[in-house]
Structures are given as C-alpha cells and as structure tokens.
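Residues per chain, in single letters:
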Amino acid sequence: MTTTTPGPSVFRGAVGTARTRIEGREKVTGAARYAGEIPFADLAHGWLVLSTVTRGRILDVETAPVLAMPGVLTVLHHGNAPRLNVDYVGMLGTPPDPTCAVFQNDRVPFAGWPVALVVAETPEEAREAAEALVVTYDSEPHDTALHPDHPGAYAAAGRMPAETEKGDLEAQLAASAFVVDAEYTTPEEQHSMMEPHAATARWEGGRLEVVDSNQGAGWVQGELATMFALDASSVRVRSEHIGGGFGSKGLRAHQVSAVMAATALNRPVRVVLTRRQTFSLGGYRSPTTQRVRLGAAPDGRLLALEHRSLNQTSTVYEFVEPSAGVARVLYDADAHRTANHVVRLDVPSPTWMRAPGEAPGSFAIEAALDELAERGGIDPIELRLRNEPDVGPVSGLPFAGNNLAACFHEGARRFGWADRDPRPGIRREGRWLLGTGTAAASFGAGAAPSTALVTAEADGSFTVRITAADIGTGARTALTLIAADALETAPEQVRVRIGDSDFGPAMIAGGSMGTRSWAWAVTAAAAELRERLAMTTSIPPEGITVRSDTTEALGALTRKERHSFGAQFAEVAVDTGTGEIRVRRMLGVFAAGRIVNPLTARNQLVGGMTWGISMALHEEAVRDRNTGGHYAPDLAGYHVATHADTPAIEVDWVEDHDPDDPVGIKGVGEIGIVGAAAAVANAVWHATGVRHRNLPIRPDRVLAATGPGPAGGAVDA
C-alpha cells in the first residue's frame, strides 16, 4: 500500500484551535470506565482498617471472629503481611512514604494509619467485617499542633534549597522608608477530587497487572516493582480515565495492599478508599505559618525582602510545602532572604497539591506587597512592576520570557483598574461594601525526560503511545492536536493511547510539566517518522513505528528561569452585618507559552481561579488536638466553592514566546490558582479596611474584625 503525507499547501494547523475533548462523549454518557468500575472475573474486595489512636503501638489484632464472618477471605496486618523493600529513592527523588508500605510493623504514627486489610467476596461484606475488627493499642502522648515557634522546627530542602540569602537584611530594613512585618497563615487543605482512589491488582501469566487511578502509570509501576522486589517488565499499570488528582494520586496504601491481597489469594482484589479515608491516606496540603518582612525606598523599590515559611510533616516522612519559593522568582531586593522550614508532628504525611508552595506562598507575599503599597501610597500594580527582576533574584539566570507586565497592563485595562478609588471602605451598595484587589502569579515551566511511540498505520492513520495521564486536564486531546501538527495531518487521523506503563517511561501529570514533556517526546517521534515515510513508498501491514527519548535534548536546553506568569483581579462584596463575602467577578490574564487548546486551557485556568476563591473563603480541614483526627472529614464538613460561590470568571492570555525552547508550552494546570486567594483577600481589605492574614476569611472572622455597621479599623484578623 502506498501513502502520502499532506504537503504544506493542504495542511492546516490544529494547535491553537478550540477542540472539545476526544473522550468527552464517553464521559458524559457513562461509557468511560474509571478504575473502580472495570469488571474482573472472580473479583474480591478489600477494605482498609485505620487506626483509632493518634500515636502508639498495636498490641493485638483479633482476626478470628472476623474470619468467621460471611464472605471474608483473609485479614492482612503487620503479623502476616509480606515484607516490603522501602530502602530506595523513588521517581520523585525521595524515599517512599511509609504510609504506602503498609503492615510492616506495629507502630502507629498518626490517627488513620492503616493497620489491617479485610478482604471479602463483596464490598459490603468487606466493610462490615472491617468495622467489626477489634484492634487493641498501647496509646502514647502525641503532638498535632503547628505553631510558628515550635521547638522542633528545622530547615528542610525538599525540591529546592531550604534557605537562600544575600545582602544585609536588618540594615536594609532599617534604611527603608516603609516596612511590613506580618505573619500569614493558611490551613490544611484536602484534594477532594471527584473520583476517590481505587486500584485493582491481579496476577496474569506470571505478571502483575494493576488497574489504577493515578497521575503516572510508569511512576506507580516503578514504585511497586521496587517495593515488591519485582522486575519492572513483570509489572504493568494501566490508568485510562482519572477523575481528578491534583497531586494526590501517586503511590498510596490502597495499591500496595491490593497487590498484597491479590498475591495472597491468587485472584483479583480491588481496594477503594472512602472519602473519609482519603483525608488520612490521600495526602493533603499542609497548613503553613509564614512571616514576611518587606522594606522599601520612598519610590517603592524593595530594599529588603524576607519570606519564611513553616509547614508540618509526619514523623515518618518529610514533605516540604515550599511556600517561600515563589519569592525567589517574582521579586528582587538588595537584601533577599527566604527559608522553608518543617516540623514533625503526629499527623498524616502531606503531599503535592495543586501549585505546591506557590498557592499558599503567593497569598502571603502578595498580601504583604499590598500592605506595602498601602503604606507607601503607591498603586499595587505599579509597586509590583517597579520591582520586576531582570534576572532570577536567587539564581541569577536570565528569564526565558517574563511577561508579567503585559499581563498586568492587559488585565488592568479589561478590569477597569484605572477607575478604582484606592481608599478602602468607600464603595457601598446597600448593605454591601465593595472592593477590588489584585495579585501576581508565577509557576515554573519545567520538563522531564519522556519517551513516545508513533506508528504510521497501513490505513494511513497514526497511533501515538505514551505513558501520559489525563487527570481531567484534556491532555489526551492536546496530544492529539500536537501529534497532528507534527505529522502534518488532520486530528481525525491520529489516535492517542495513554495511561499504560507498557508504553515506556514518561513524565507524570504534575508540576504543570505533563503536556510540555509529552509534547516534546511526541513531536520528536513524529518528526523522525515523517523522515522515514519520506524515504519509503509503502507501509507494511504492521506499520512503521518510531520511538523517541528526550533525555539528551533536555540536557542540552539552555539554563534559564522558565515560568508562567499571571495577573489576578477580583471584586468582592462584603456584608459586615452577617460576615458574608461574595466574589462578584474575577479576571486572570496569563503568560503561559503556546496555548495548545484554548477551550481546555480556559477550563484549567478557570478551575484554578475557582479553587483560589475556595481557598480564600471556604477550605479548612480542622483537626481535633485531643485525637489528631479531623472534624467532619467529608464533603459535608469540608467546604469547597460551589456554583453559588463562583462568579463569571474571565481568563485570557498574552503572547509568550521563548525562541530557545523547541516546544514552547509552559503549562496552565497550576498557574490559575497562584495569586487568586491573595487577590480576593486584598479585595476584602479594599472593601472593609481590614486585613485578613489568616485563611479562610470566614464570616465569623469578618464579624470579629469589623463588627456591625461601617468598616472597622482593625489591621489584622
């Protein structure tokens, strides 16, 4: 069979055009099956039993009565579970969280620790038996309270240096015309994705197969292979449709326990976390306490900047929420100091959550910048633009495009910022006080080595295989458009297959690096395939396949500060008689590189900004200090923004091109939440004259700060 590739005269680029999701019809009709819905013959069901004490030891697990219950097949616990290898460094450069290495000892480091897995014929039988299982503990004193002067706090690096410093901070603060020195706090936040964690494990022909909901099938495959001392080729992980992840869906206790049970019973076993269990086992964003000190010259130029952040982590695993990192990109000063610290508490391990570090960090630094603008009598946008760095404030590297100023100029024009009266508490509409606020946003634009397979099929179509993950971002559709352009064909001629570890190593869906990394690999494979097609006149029935690997190309990329930037704007109405806050409108303008699909990009940015509203006004997971457990760990007790809380949010973007970058994509999954909560909080100050430095800005905090009637004069709440 002969085939021809459409030439430039007939080719029309797909990237940059708005396209509905390829799998959209399947999802809205219910044809798309998620990890907990896929049928398996002879399927058994596991139910995790979590500790009811905060700290201590397991003295006894009374399995005999439970094993006698209807349908119960086995009970796994620290006394009979297989030993796991946990002495290794995983894909993310850290050892595995021991919460994933279930049933390895009798220690209980926090409330909600997995102590057993009950496996039965049906999920109902498994749940009933799990709730009947009696576990006896030796309880020990515990500490679950995060506070800024905790004696156990220490500097921790995580994915960036723990501390950076240049210049004489105290001298520059003393020389400043006006200074801000304030503490800001953010609470514990939960991922609360629509689809809970679920995994099914089975052995087939001597090979372990796991059907899972995750953000990187290759990531989970590698971790499971190492943990169970298996050859990587003997483990296959599939994850086709994912109902949200936000950083939570990596390796968790449910996958490991499912593999243990499938091995013990020699039949498929499915483990699904309940919504309440995800509060303990799914990870979360750690609460933070952040101190920001700023000092400026009379013209607003920063002389001193200090941003220090403290987050909690568990006693068994160190996770850093690098909130001070955002100050290392956005603003420079003659004296510049940042630090990320952690304290180990008897709590579950935090984990990655949409814009880890940048989301809480931007609230603190952008609220502090707003306070500095007020004290200096400078417009908040003008203050930010006067302090734009020419190079990375810490790295000294040049920026691969810093279009923050363009975002602010366009956003201010569209939002009507010039008409704003800077005085707080002036605008009123009936019982509502009105205010507007703004904030800057930044998020890294990295990439990781990935491989891709592209096949020219005998019928003239193309198949792309890559271990990507579509966690609701529209990645499957974006890759189809990218592949179509690289192959100079129509998107309808391209089939993209993802979510299978058998396709080879690739970046996970995280850090706004997924589409950028995958696109690079797909484009490279497509380019080589087109060269091969140009040299042949026929395609064999089995097709022609090319494999790419971007490891070498990434290593050759010029070192620069690569980031997306954005300007956030919000208008709020505050009823100081009831404490109610309503966000009336929001606008975000972003510089995020090449936009692959305007439709799904807009969805991602609106989603991030909606989460910013939720972060500012609603979200707060509260722990009982006596038990270490949560109050109301479900979506009835943990409040998130709903349609009633969300105004018509507008997003747009400006031209943002890096001539040295062959891909040009920067990612939009996380930049939308950065700065959004600060813009809302700054708008609340403009409406009321009261600064709220502690999120969320609940009605009771509004009432306590302002009291009934006109705007109060408090400076903190």
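See the structure printed just above.
This one's a predicted model, so the numbers in the text were calculated from it and none came from an experiment.

K.L.:
What am I meant to see in the packing of helix H12 (residues 475-487) against helix H13 (residues 514-534) here?
P.N.:
Each packed pair of helices is defined by two parameters, the angle between the axes and the distance between the axes. The N-to-C vectors of H12 and H13 enclose an angle of 30 degrees; their axes lie 9 Å apart at closest approach. As far as their axial angle goes, H13 and H12 are roughly parallel. Between H12 and H13 lies a crossing whose hand is right-handed. Along the contact surface, H12 presents Ala475, Ala478, Leu479, Ile482, Ala483, Ala486 and Leu487, while H13 presents Thr515, Trp518, Ala519, Val522, Thr523, Ala526, Leu529 and Arg530.

K.L.:
What exactly am I supposed to notice about the side chain of Thr600 here?
P.N.:
Mapping Thr600 onto the fold places it in helix H15 (residues 598-617). Thr600 has contacts with Arg19, Arg21, Thr473 and Gly474, leaving out every residue within four places of it along the chain.

K.L.:
How should empty space enclosed by the protein be read in this particular structure?
P.N.:
Gaps between atoms show up when a probe of the same size as a water molecule is rolled over them. The full count for this structure, using the stated rule, is six cavities of 30 Å³ or more. When its volume is computed, the largest cavity comes out at roughly 260 Å³. Lining the largest cavity are 19 residues, with Leu92, Asp97, Trp219, Leu251 and Tyr317 sitting closest to its centre. For the lining of the largest cavity, the residue count by class is eleven nonpolar, five polar and three charged.

K.L.:
Explain the nonpolar core to me, please; I cannot follow it from the model alone.
P.N.:
For soluble globular proteins, nonpolar side chains are generally found buried alongside one another. Membership of the largest hydrophobic core comes to 85 residues, with the highest contact counts inside it found for Tyr184, Leu294, Ile365, Phe569, Val572, Met586 and Val680. If near-sequence neighbours (up to four positions away) are discounted, Leu294 is found in contact with Leu173, Phe178, Val179, Val180, Leu302, Ala304, Leu305, Ile365, Ala368, Leu369 and Leu372. Of all hydrophobic cores here, the second largest spans 47 residues; its members include Ile471, Ile482, Met507 and Leu529.

K.L.:
In this structure, what is going on with the environment of Tyr284? I would like to understand it.
P.N.:
Turning to its location among the elements, Tyr284 is positioned in the loop between helix H7 (275-281) and strand E14 (288-296). Distance in space between the C-alpha atoms of Tyr284 and Ala448 is 24 Å, their sequence separation being 164 residues. Apart from residues no more than four positions distant in its own chain, Tyr284 is found in contact with Glu188, Glu189, Gln190, His191, Gln312, Val347, Pro348, Ser349, Pro350, Thr351, Met353 and Arg623.

K.L.:
Is there a simple way to explain the environment of Pro350 in this structure?
P.N.:
Looking at the secondary structure, you find Pro350 in the loop between strand E16 (335-345) and helix H9 (358-376). For Pro350, a relative accessible area of 2% translates into the label buried. Each C-alpha atom, one on Pro350 and one on Pro287, is 9.3 Å from the other, the two residues being 63 residues apart in sequence. Excluding residues that lie within four positions of it along the chain, Pro350 makes contacts with Tyr284, Ser286, Gln312, Thr313, Ser314 and Phe319.

K.L.:
Which parts of the structure should I look at to understand the pattern of salt bridges?
P.N.:
Close approach of charged atoms allows side chains with opposite charge to pair. On inspection of all chains with the given rule, the structure shows 57 salt bridges. As a salt-bridge pair, Asp334 and Arg301 come within 3.3 Å of each other at their nearest N and O atoms. In this pair, Asp334 is assigned in the loop between helix H8 (327-330) and E16 and Arg301 in the loop between E14 and strand E15 (302-314), connecting sequence segments 33 residues apart. Residue classification places Arg301 among the partly exposed positions, given a relative accessible area of 38%. Where Arg584 meets Glu429, a salt bridge forms, and the shortest distance between an N and an O atom there is 2.8 Å. With Arg584 in strand E24 (residues 580-591) and Glu429 in strand E17 (residues 428-429), the pair connects residues that are 155 residues apart, well separated along the chain. Its relative accessible area of 41% is what places Glu429 among the partly exposed residues. Salt bridges sharing partners connect three or more residues here, namely Arg202, Glu204, Arg207, Glu209, Arg236, Arg238, Asp500 and Asp502.

Calculation criteria
- Residues numbered from 1 in each chain as written.
- Predicted model: local features only at pLDDT ≥ 70, side-chain atom pairs only at ≥ 80, totals over all residues.
- Heavy atoms only, no water.
- Axes fitted to C-alpha atoms, helices over the stretch in contact; angles between N-to-C directions.
- Helix = DSSP H or I, 4+ residues; strand = E, 2+ residues; numbered from the N terminus.
- Parallel < 35°, antiparallel > 145°, perpendicular 65-115°, else oblique.
- Left-handed = near helix turned anticlockwise from the far one by under 90°.
- Contact = heavy atoms within 4.5 Å.
- 1 Å grid on protein atoms, 1.4 Å probe; cavity = no way out; pocket = protein on both sides within 12 Å on 5 of 7 lines; lining within 4 Å.
- Points joined across faces, edges and corners; volume = space filled by probe spheres on them.
- Nonpolar A, V, L, I, M, F, W, Y, C, P; charged D, E, K, R; others polar.
- Core = buried A, V, L, I, M, F, W, Y, C linked by side-chain atoms within 4.5 Å.
- Buried < 20%, exposed > 50% of the residue type's maximum accessible area, 1.4 Å probe, protein only.
- Salt bridge = Lys/Arg side-chain N within 4 Å of Asp/Glu carboxyl O.

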